[in-house]
Amino acid sequence: MAVERGQFSSRLGFILAAAGSAVGLGNLVAFPVMASKNGGAVFLIVYVLFVALICFPVLVAEIAMGRNTRRNPVGAFVALAGERSRWRWAGRLAILTPFMIAVFYTVVTVWIVIFMFRAFTGELETLATTNAFGEMIASPGIFPWFIVLQFIVFGILLGGVKGGIERLARVAMPVLAVMLVLLILFVLTLDDAMLGVRYYLIPDFSRFNGGVLNAALNQAFFSLSLGMGIMITYGSYFSRQDRIVSSSRLVATADTAVAFLAGLLILPAIFAFNPSTNPDDLSSSSIGLIFTYLPQIFLSMQDAVGYVGASMVAGSFFVLVFFAALTSLVSILEIPIAYMIDEHNFSRRKAVLIQAVLVTTFAALAALSFGMSPFLTDFIPYGGGTRSFFDLIADTFSEVILPLVGFMVCLYCAYRWRDGFVEELSQGDESLKGSFLQRYLSFSLRTFVPVVLMFVFINSVAQKYFAVDLLMVFAG
Ligand code: PFF
């Protein structure tokens, strides 16, 4: 059936690619903002607990489904549950979701590319003005960059699993790690940076509330690329001789480490810029923080390192974010491509070209919804305001649907697949069977993980579309 199914060259190749997918804008942008808004160290503790207790079992389950079936999400559910099974709808949702996420993520990545270029070419001062971001997103000037990005992304995908995705991750991930550490070391030398470190690392438990729980779980789920079909698809390229559980642990650890380090970069930078920062006043939107506030922070460094130095620091930061976004973008686009190759016998080339046309069309529409098209800008009313086409896609597919897909994966592995699931985990890892870890994974997927995910799904629907937070209502 399959025409050109790829495989990662080694366990390390898989880990780098999966970590490349997981490490994205979620880690470098959303995590530091969430941490700053939700009590710093308190958020960090809750986040790590959720990664270990809730997200890790789901990560293992997704990878196991993919590796066992060697299929994309639709193919995986069909191969395990049968051609006529209703479970294939879960698979379809896990194809539609990544496509839609890719649409809005492409738009944000184009903005990153533009800021990166403009920072390096001496425009940091302009970028730091309050209108710069708003003007950029509403201007047709973004479209040439859009085309450049699409050539890069689809060029990599044309290279296949080993020659494209894995090759990119092998270069981008080490570069990203080194740049992140260097930027942190630089920021920590600035006056007052330690105020940010203190806020980030010393917990103030009075800041704990229901909202922290909700934010941390949503963030952890998104950050590990769960519920998007990515890990099912990447699992399908993973060798049966290798260990799923320990590899998943490394992926989750790498992702959490990068999120932690991003906090250690951005929070001290904020406090160094303004030592009397009140965390309650920090930007309410992640996008605003990175595109408006951060350029101001970088510009303020010119007293210490000169304008060129500050521009280089800003440019390097955007290179870092660009690499993270690129490895995530290729991972998410691989799902619909794998679907077409597996289920419709398309060649990789044909599948990549069709995806390129589809994603570019939808992403262009999403890009027009920041003022260029009034119809797409004021697209639909919900949640107490008028939302754009971009908002609708981002709200629905980056938050609401993910826990629902995760919920179905849990139910499937724990109740339908059961022993087959344990067998798959033990492939290449004989000592796992019957161990405490294996029993914990099976137990958690059968009990509290789906319960929590269903609650998060219902709460996300209430929050996004009806502006009601059930956790706040119940927990105060
Ligand atoms: N884990 C990714 C992140 O934190 O940004 C989630 C993701 C989003 C992956 C969008 C891929 C993607 F296209």
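Here the structure is a predicted model, which means the values were calculated and not measured.

Asker: How do you make sense of the site of the ligand when you look at a structure like this?
Answerer: In the vicinity of the ligand, 16 residues are found, and the nearest of them are Ala22, Gly26, Tyr105, Ser223 and Ile332. In the model, an oxygen atom of the ligand is placed 2.7 Å from a nitrogen or oxygen of the Tyr105 side chain. Taking Phe222, its main chain carries an N or O atom lying 3.1 Å from a nitrogen atom of the ligand. For the ligand, the protein covers 100% of the area, taking 330 Å² as the surface of the free molecule.

Asker: Is there a simple way to explain the side chain of Thr396 in this structure?
Answerer: Tracing the backbone through its elements, the reader meets Thr396 in helix α18 (residues 389-417). Using a relative accessible area of 14% as the deciding quantity, one classes Thr396 as buried. Beyond its immediate stretch of four places on either side in the chain, Thr396 contacts Asp391, Ile401 and Tyr465.

Asker: Would you take a moment to explain the pattern of salt bridges for this structure?
Answerer: A pair can form between side chains of opposite charge whenever their charged atoms are brought close. For the structure shown, the criterion picks out eight salt bridges. Two residues, Arg67 and Glu424, come together in a salt bridge whose shortest N-O distance is 2.7 Å. Of this pair, Arg67 sits in helix α3 (residues 41-69) while Glu424 sits in helix α19 (residues 419-426), and the two are 357 residues apart along the sequence. The pair Arg67 / Glu424 is uniform in exposure class, with both members buried. With a closest N to O distance of 3.6 Å, Asp395 and Lys464 form a salt bridge. Remark: Lys464 occurs in helix α21 (residues 448-466) and Asp395 occurs in helix α18; sequence separation between them is 69 residues. Among the ionic contacts, a cluster of salt bridges with common partners joins Arg67, Arg240 and Glu424.

Asker: Sorry, what's going on with empty space enclosed by the protein here?
Answerer: Over the atoms, a rolling probe the size of a water molecule traces out where space has been left empty. Counted under the stated rule, the structure contains three cavities of 30 Å³ or more. Counted as a void, the largest cavity has a volume near 120 Å³. Taken together, 15 residues form the lining of the largest cavity, with Ser21, Tyr105, Ser225, Met228 and Ser328 sitting closest to its centre. Elements with a contribution of two residues or more to the lining of the largest cavity: α1 (11-22), α2 (25-37), α5 (88-120), α11 (210-223) and α15 (302-344). If you tally residues by element for the lining of the largest cavity, the top one is α15, at three residues. A per-class count over the lining of the largest cavity returns seven nonpolar, eight polar and no charged. Its volume calculated, the second largest cavity comes out at about 50 Å³. Only α9 (160-188), α13 (244-273) and α14 (286-300) provide two or more residues apiece to the lining of the second largest cavity.

Asker: In this structure, what is going on with the packing of α3 against α21? I would like to understand it.
Answerer: The packing of two helices is summarised by the inter-axis angle and the distance between the axes. The contact between α3 and α21 brings their axes to 10 Å, and the two run at 100 degrees. By the angle class used here, α3 and α21 are roughly perpendicular. Residues Leu53, Ile54, Pro57 and Val58 of α3 pack against Phe448, Val449, Val452 and Leu453 of α21. Split into classes, the residues belonging to the contact of α3 with α21 amount to eight nonpolar, no polar and no charged.

Asker: Is there a simple way to explain helix α10 (residues 193-201) in this structure?
Answerer: Residues three or four positions apart in an α-helix share a direction because the helix packs 3.6 residues into each turn. Listed in full, the buried residues belonging to α10 are Ala193, Gly196, Val197, Tyr199 and Tyr200. Taken around the axis of α10, the buried residues stretch over an arc of 165 degrees, which confines them to a single face.

Cut-off values and rules
- Just so you know, the residues in each chain are numbered from 1, in the order the chain's sequence is written.
- Local features in a predicted model are, by the rule used here, given only for residues with pLDDT of at least 70; side-chain atom pairs are given and counted only at 80 or more, and totals for whole chains, interfaces and linings are based on all residues.
- Each side-chain value is worked out from all heavy atoms of the structure, with water and hydrogens disregarded.
- One heavy atom within 4 Å of a molecule or strand makes the whole residue count as near it.
- By the criterion applied in these results, polar contacts are pairs of N or O atoms within 3.5 Å in which, for protein atoms, one can donate a hydrogen and the other can accept it, and in which residues neighboring in sequence qualify only through two side-chain atoms.
- All accessible areas in this document rest on Shrake-Rupley with a 1.4 Å probe, and a residue is counted as covered only by the protein chains that are shown.
- For helices the rule is a DSSP run of H or I covering at least 4 residues; for strands it is a run of E covering at least 2, with both sets numbered from the N terminus onward.
- Burial classes: relative accessible area under 20% of the type maximum marks a residue as buried, over 50% as exposed, and values in between as partly exposed (1.4 Å probe, protein chains only).
- In this analysis, two residues are considered to be in contact whenever any of their non-hydrogen atoms come within 4.5 Å of each other.
- The salt bridge criterion pairs a side-chain nitrogen of Lys or Arg with a carboxyl oxygen of Asp or Glu, the two atoms within 4 Å.
- Cavities and pockets are defined on a 1 Å grid built over the protein atoms alone: a cavity is a set of grid points where a 1.4 Å probe fits but cannot escape, while a pocket is an open set with protein on both sides within 12 Å along at least five of seven lines, and lining residues are those with an atom within 4 Å of any such point.
- Grid points are joined across faces, edges and corners, and a volume is the space filled by probe spheres set on the points.
- Basically, the charged four are Asp, Glu, Lys and Arg, the nonpolar ten are Ala, Val, Leu, Ile, Met, Phe, Trp, Tyr, Cys and Pro, and anything else, Gly included, counts as polar.
- A fitted line through C-alpha atoms represents every axis, and for helices the fit uses only the stretch in contact; the resulting angles, taken between N-to-C directions, go from 0 to 180 degrees.
- Every angle not falling under 35 degrees, over 145, or within 65 to 115 is termed oblique; those three ranges are roughly parallel, roughly antiparallel and roughly perpendicular.
- This arc corresponds to the set of directions leading from the helix axis out to the C-beta atoms.

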